[in-house]
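Fold and geometry: a report
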Amino acid sequence: MFSFIRKIKDLFGGGKAPGQTGAGEYSPYQRDHIRRNMPLPEMPRREENDGPRPGSRRGRRGGAGREGRREGRAGDEGRKQGPKAPRAEQKRVQRRPGERRGGRPQKAATRPQEPGARGQAAPCAPKEPPRMPLLREIPPAEGKTRFTDLDIAKEVLCGVQDLQFEYCTPIQQQVLPHALAGRDVTGRAQTGTGKTAAFLASSLTYLLRHRKENRIPGSCRVLVLAPTRELAIQIYKDAEVLGKYCGVNNLVVFGGMGYHEQRDALERPIDILVGTPGRIIDYSRSGHMRLGDAEILVIDEADRMLDMGFIPDVRRIVGKLPPAGERQTMLFSATLTPEIVRLVDRWLVDPVMIESEPEQLVTDLIDQRFIAVAASEKLALLLWLLKHDNAGRVLVFCNRRDACQRLARQLGRYGVQCGLLSGDVPQERRLKILERFRTGATPVIVATDVAARGIHVESVSHVVNYDMPYESDDYVHRIGRTGRAGETGKSVGFVCEYGAHMIPALEKLLGHPIACDYPTEEMVALPPMPPPAAPPPQRAPAEREETAAAGAQPVESGGAEPVAGPDGKPRRRHHRRGGRRHSRGRRGGAQQG
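What this report covers is the structure whose coordinates are included nearby. In this text the structure is predicted, and so the values were computed from the model without any measurement. (Residues numbered from 1 in each chain as written. Predicted model: local features only at pLDDT ≥ 70, side-chain atom pairs only at ≥ 80, totals over all residues. Heavy atoms only, no water.)

**Thoughts on the packing of helix α6 (residues 170-180) against helix α7 (residues 195-209)**
A pair of packed helices can be characterised by two numbers: the angle between their axes and the separation between those axes. The contact between α6 and α7 brings their axes to 9 Å, and the two run at 25 degrees. On the basis of the axis angle, α6 is roughly parallel to α7. For the element pair α6 and α7, the recorded crossing hand is right-handed. For the pair α6 and α7, contact is made by Ile171, Gln172, Val175, Leu176, Ala179 and Leu180 and by Lys195, Ala197, Ala198, Ala201, Ser202 and Thr205, respectively. Of the residues contributing to the contact of α6 with α7, the split by class is eight nonpolar, three polar and one charged. (Axes fitted to C-alpha atoms, helices over the stretch in contact; angles between N-to-C directions. Helix = DSSP H or I, 4+ residues; strand = E, 2+ residues; numbered from the N terminus. Parallel < 35°, antiparallel > 145°, perpendicular 65-115°, else oblique. Left-handed = near helix turned anticlockwise from the far one by under 90°. Contact = heavy atoms within 4.5 Å. Nonpolar A, V, L, I, M, F, W, Y, C, P; charged D, E, K, R; others polar.)

This is the structure:
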């Protein structure tokens, strides 16, 4: 091999290979052959004024520059090649907008670069708020604090006035002065006392008094973490109502639906961002969300957040925020155990511990009742309550998804309009069910604990614990869905042989003994199954003859009227035949005969 290479070098001299041109160009076959046998010689360096490449498109046309191309197109007619004119003296071709050289339209840019593009500082364009109304004068009341007595921005007070709030609740009266001063706060209060309005009012006041311009898209100033999607949506709605006159840009992000829509909304700076930990981590990893500029962190239902296994996610989110001391942190929940408080102490600096009526977890507006009943008689008792106890909107809680599905089917057989809320229900359907429950179209909801926290539906008359909860803290959150905003409500617990062991722990939490009532025989007697819906009445023969005379297809006796399709013609009815087992039986019988 080496002798062959040496002979090639001696034959052509200077390391030139056969087929090499003066300009140092090789054909593809020659390059492949020579690369396997000998190193290529160094290509001559090309200078700016060397002219066109040999063999190139401009060189093949026999000219240099613009004159060469003209001569190649017109043919060899003896046109003289003149020197190339300076660029400033060349005649420019006038083209219409959107048209490139050659008369063809120019391709549209896939994504134009605007001031709000990713990674560039864009001016924050807040929504244009409506005109603020005049504030009404609230008369002072003994032992109560008016919202106007606190240092709350006027725009926020107008939103509070639209909600017809006049006096602060105990938790709001204690939290708002410290939150408005910028202190870290840990608040414990019973469900439905206004924790959400407390941290939203202070956060909106801070945003109005400390405005920032030229913010980066995807950044947020206030971050609110919620354990469930329903609670996140409810907090977002409250922020929209309270911030109606503030001109802020709020956003809610959660899993299960709308991934691309929520991601596109992050193309603008966000003022108040509400979301669940999983979706926030997804957008933070992809770079669409920037948490380094957050100034206020709020963790609502903190005990539930950490009990549901979100501890690693919450730690990861807090690690992306500014360190403690450079941000304000507020934690709110109906129950805060010492273990949870010690776990989150690292996220707060000199926090203010606030407890609103710690000796009474359940408000007096809720009438609690416990009924000792067998597991086989709970359905009959529930049907009796729905019929005889003036039930309006009713929430029925079970511990397991399959129990919820079975109970919803049983109630449907007895003609009860009910909806199902559990973890396997798609998010879009879940929102529709909650909206129908709010409007009264669906009076009964059967749900697991997914709906027990943060769902504020007005005028819930009854909360039924069909299954006693596994944890005593969940009982407080379940019955907290009724007796809200000064309204009364009822809580009924079915204590069966499988849930009686929860009574001692519940007595210890509530601080008083629990007495169970016993139902009467009428209450546990299962009512008869309602008759099936009657088929549509058959038309008389004279009506069928008139229909046939009009050109329509007559309805067969015993059947329903055909349904018209999109083209106006009656749809063809397909009758299902017997299954495989039924067909085998018929064939077998025929063979035996």
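**What about the pattern of salt bridges?**
One pass over the full model with this rule turns up 16 salt bridges. For Arg146, the salt bridge is made with Asp149, and the minimal N-O distance between the two is 3.0 Å. For Arg316, the salt bridge goes to Asp313, with nearest N and O atoms at 3.2 Å. Here the residue Arg316 and the residue Asp313 both occupy positions in helix α12 (residues 311-320), the gap between them amounting to three residues, near one helical turn. (Salt bridge = Lys/Arg side-chain N within 4 Å of Asp/Glu carboxyl O.)

**So, the nonpolar core**
Val156, Val175, Phe199, Val224 and Met330 are the most contacted members of the largest nonpolar core, which totals 43 residues. Tallying contributions element by element places α7 first for this core, with eight residues. Excluding its chain neighbours within four sequence positions, the residues that come into contact with Phe199 are Val224, Ile235, Val298, Asp300, Met330 and Phe332. Ranked by size, the runner-up nonpolar core spans 32 residues in total, among them Cys220, Ile299, Val318 and Trp347. (Core = buried A, V, L, I, M, F, W, Y, C linked by side-chain atoms within 4.5 Å. Buried < 20%, exposed > 50% of the residue type's maximum accessible area, 1.4 Å probe, protein only.)

Structural measurements only, silent on function.
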